[in-house]
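Summary of structural features
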Amino acid sequence: MKKGIGIVLVIVLLFVGAVVALATMDLNRLGKENMYVQISDYVEVEETRLDSGEVVSRYWYELPAIDEAGNSTIVQFSATRELRKEAYLMLYVKNDDDVTSYDEVKWEDIPAGAQDKLLQVP
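A brief structural summary.

Thresholds, definitions, all that
- Just so you know, the residues in each chain are numbered from 1, in the order the chain's sequence is written.
- Residue-level local features of this predicted model are given only where pLDDT is at least 70; pairs of side-chain atoms are given and counted only at 80 or more, and the full residue set underlies all totals for whole chains, interfaces and linings.
- Only heavy atoms go into the side-chain values, all of them from the structure, while hydrogens and water stay out.
- Only buried Ala, Val, Leu, Ile, Met, Phe, Trp, Tyr and Cys residues count toward a nonpolar core, and they belong to the same one when joined by side-chain atoms within 4.5 Å.
- A 1.4 Å probe rolled over the protein chains alone gives each residue an accessible area, and that area as a share of the maximum for its type sets the label: buried under 20%, exposed over 50%, partly exposed in between.
- Here a helix means four or more residues in a row that DSSP labels H or I, a strand means two or more in a row labelled E, and each is numbered from the N terminus.
- Contact between two residues is taken to exist if any of their heavy atoms lie within 4.5 Å; hydrogens are not considered.
- Salt bridge, as used here: a side-chain nitrogen of Lys or Arg that lies within 4 Å of a carboxyl oxygen of Asp or Glu.

This part covers the nonpolar core. By size, the foremost hydrophobic cluster in this structure holds 15 residues, and its most contacted members are Val37, Ile39, Tyr61, Phe77 and Leu91. Elements with a contribution of two residues or more to this core: strand S1 (33-38), strand S3 (55-67), strand S4 (72-79) and strand S5 (88-94). When near neighbours in sequence (up to four residues on either side) are disregarded, Tyr61 contacts Ile39, Ser40, Asp41, Tyr42, Val43, Val75, Gln76, Phe77, Ala79, Arg81, Glu82 and Leu83. If you look at the next biggest cluster of nonpolar residues, it comprises 9 residues, including Tyr36, Tyr92, Val105 and Leu118.

For the rest of this paragraph, the subject is the pattern of salt bridges. By the definition in use, this model includes 4 salt bridges. When the shortest N-O distance is used, the salt bridge between Arg84 and Glu104 registers 2.3 Å. With Arg84 in the loop between S4 and S5 and Glu104 in strand S6 (residues 98-105), the pair connects residues that are 20 residues apart, well separated along the chain. What makes Glu104 partly exposed here is its relative accessible area of 46%. The partner of Lys94 in a salt bridge is Asp98, and the shortest N-O contact between them spans 4.0 Å. A residue is classified by how much of its surface remains accessible, and Lys94, at 35% relative accessible area, is partly exposed. Classification of Asp98 as partly exposed rests on a relative accessible area of 34%. Several salt bridges converge on common partners, so that one network encompasses Asp41, Glu82 and Lys85.

Next comes the structure, spelled out in structure tokens:
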């Protein structure tokens, strides 16, 4: 009987752990390619008025993004605030140019192949 309760308890703990892991997983980053950019000026500010009357701004960027091998592509993405100029971002990209998320990173965290190409971007 005690052995049966122990097995049920282990199964319940495994199930709860799996649920917690899935709840905290960011699907916008899972399985995406990483590319790197250096922030310059935004291209456009898009303002939307909510039903409450509040105005929400989205800052759109269009920049060359570099992958770990040094390959370049132009990407477009938005942020809910103006991003820090000259900051480096690691983008999470699917389908070659669809940015799903990003994180600010330090220069040292960028792979060497991408660093070389970022230095050449005007």
